[in-house]
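This is what each chain is made of:
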Amino acid sequence: MQNVGLRQMEFVFADNTGRPVRERVKASGKPEAMVWLRRIADSKETKHPTAGAVSERGLLERVASWPVLAGALLKVAANKGAAGVDGKSVQEVVKSARQLLGKLSRELLRGEYRPGEIRRVWIPKPDGGQRGLGIPNVIDRWIQEAVRQVLEPIFEPLFHESSHGFRPKRGAPTAIAEAKRHIEAGYNMAVDIDISKFFDHVNHQRLLSRMSGQVKDSRILKLTSRMLKAKVVMPDGTKVGVEEGTPQGGPLSPLLSNIVLDELDKELARRGLRFVRYADDCNIFVRSRRAGERVMESVRRFIERRLRLRINEKKSSVDHPGRIHFLGFSLRKMGDGTVQTFLSVRSHERMMERIRGLTPRTLGTSLEDCIKEANQYLTGWEGYFDQCSQLAASRWQKYDAHVRRRLRTIIVRQRKRSRFLFRHLKTRGVSQRTASMTAFSRKGIWAKGNMRGMHQAYPNAWFAERLVSIWEMWKDRNLGPPVSTEPTGQLLLSFMG
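Quick caveat, the model's predicted, so the values are computed rather than measured.

A closer look at the pairing of strand 3 (residues 189–194)
Most of strand 3 sits inside the fold, with six of its six residues counted as buried. Going residue by residue along strand 3, you find M189, V191 and I193 tucked away on one face and A190, D192 and D194 tucked away on the opposite face as well. The pairing of strand 3 with strand 7 (residues 281–286) spans six bridges and is antiparallel. Across the sheet, residue I193 finds its bridge partner in strand 7, namely C282.

Considerations on the packing of aromatic side chains
Applying the stated rule across the entire model yields 12 aromatic pairs. Note on W471 and W474: the rings are 5.9 Å apart at their centroids and 10° apart in plane angle, and the pair reads as stacked. A residue pair is termed a helical-turn pair when its members lie 3 or 4 positions apart in one helix, as W471 and W474 do in helix 23 (residues 470–478) at three residues. On the basis of relative accessible area, W471 is assigned to the buried category, the value being 10%. Ring pairs connect the aromatic residues F329, W381, Y384, F385, W396 and Y399, which therefore count as one cluster. One residue, R354, lies across the ring of Y377, its end atom 5.0 Å from the ring centre.

Notes on the sheet that holds strand 2 (residues 130–135)
With mixed pairing, the four strands of this open sheet are ordered in space as 2-1-4-5. Whereas interior strands pair on both sides, the edge strands pair on one side only; in this sheet they are strand 2 and strand 5 (239–240). Alignment of strand 1 (residues 118–124) against strand 4 (residues 232–233), held across two bridges, turns out to be parallel. Within strand 4, the residue paired with I118 across the bridge is V232.

Some points on the nonpolar core
Counting 75 residues, the largest nonpolar core has L37, W142, L151, I193 and I284 as its most contacted members. When residues no more than four places from it in sequence are discounted, the contact partners of I284 are M189, A190, V191, I193, L268, L273, R274, F275, V295 and V299. Residues I324, F329, I411 and M454 belong to the second largest nonpolar core, which totals 54 residues.

About the thresholds
Residues numbered from 1 in each chain as written. Predicted model: local features only at pLDDT ≥ 70, side-chain atom pairs only at ≥ 80, totals over all residues. Heavy atoms only, no water. Buried < 20%, exposed > 50% of the residue type's maximum accessible area, 1.4 Å probe, protein only. Helix = DSSP H or I, 4+ residues; strand = E, 2+ residues; numbered from the N terminus. Pairing = 2+ DSSP bridges. Phe/Tyr/Trp six-rings, centres within 6.5 Å; stacked < 30°, edge-to-face > 60°. Lys NZ or Arg CZ within 6 Å of the ring centre and 35° of its normal. Core = buried A, V, L, I, M, F, W, Y, C linked by side-chain atoms within 4.5 Å. Contact = heavy atoms within 4.5 Å.

Okay, here's the thing in structure tokens:
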């Protein structure tokens, strides 16, 4: 019966061009499986349930429907990601989509689907600790994404306006913009709350209870519970049972975290507090330090007693917004009453550390590969911190200069001996005297990288053709191209008239 449905669906896909399906797929330049999934995902317009209009049953049927499953796998494929415990890559699962889609749909509807184990990976944190990342199998990420696509339209309208993390059309820019509005309104003290290991300590019973208020299909709740309780395989092969927490690394985890913390949002709103929350980072804005300390204590009690979570005391504080690290930024109120967005101290330190990592003195690859890797990081970094004000972004010229100096130092190091550096500088058009003063200087490599000979051999113009400049990118994005000061012919005619 499933094969009949597959043939019928492929018949619907046929167009009037007269060309075979495989021929049209080959002409598109995309993998056949991806084109097939896209056609299924677009084959039927699906209507999402909304808050207040959720049927007692039927949600699981939506999750198990072919269009939803096909769209979910396309999303997982776009996000790429590593393989789970079973070792199957995203590409392997996509290639097997024709066989897997119908099978998974039947297993979901019969209640036979069981999530696989989760692979634990430890990634270093900037503060020196480690963050545990749970990587489900690709098939499990596929099912999680399908569940997310069905549940998100139900819960999204219920979330508070001051929640910005992991939500459509929201993110760090909208969170920073709202925080600036609170500060401009005179709320010049921030209560910075960071929940300790939030994703590891989510209470399953409370989460499912919150979900059941809107999700009446008990099969979805059972499926979610199975996903939450999937065993974790540690790096040494040990399998650990899970009694609390959500697997940080799966597509469903961000939505579940917002469902949990929506209770905190509603409580803060009930108290009439101004706040901005992004995932487990929350800033509450008050008018005085005394009020901030009072709010900190009462919110701590609510989080610990009601949500059964803990506050990270080291990262939580009551202070001026300009001294607080919120999503990598600090907000400073200027003399004219405006609020400017700067990098936080922590972001500056991370940037300097990252530059050192990208441009090590002892380079194991070519200079071209080093510059390519630096370009990728700097482009992404500027894209995130693009919302910094011009005053803050203008200071990024120091980062650009620092990267160039470190690259010049790498060039000095690669020449190994002074006489080799001297010859190299000569080939770069540096005069014999300047090349000699640079190459045979008794100063160290770091100092040589900043001497006149290196600047003449590798001027800023040389780097401008190869290395991105975060300051120039910011100007292009926010200020546009420079306006020419030379008068045009039309202006000259008007002056003459």
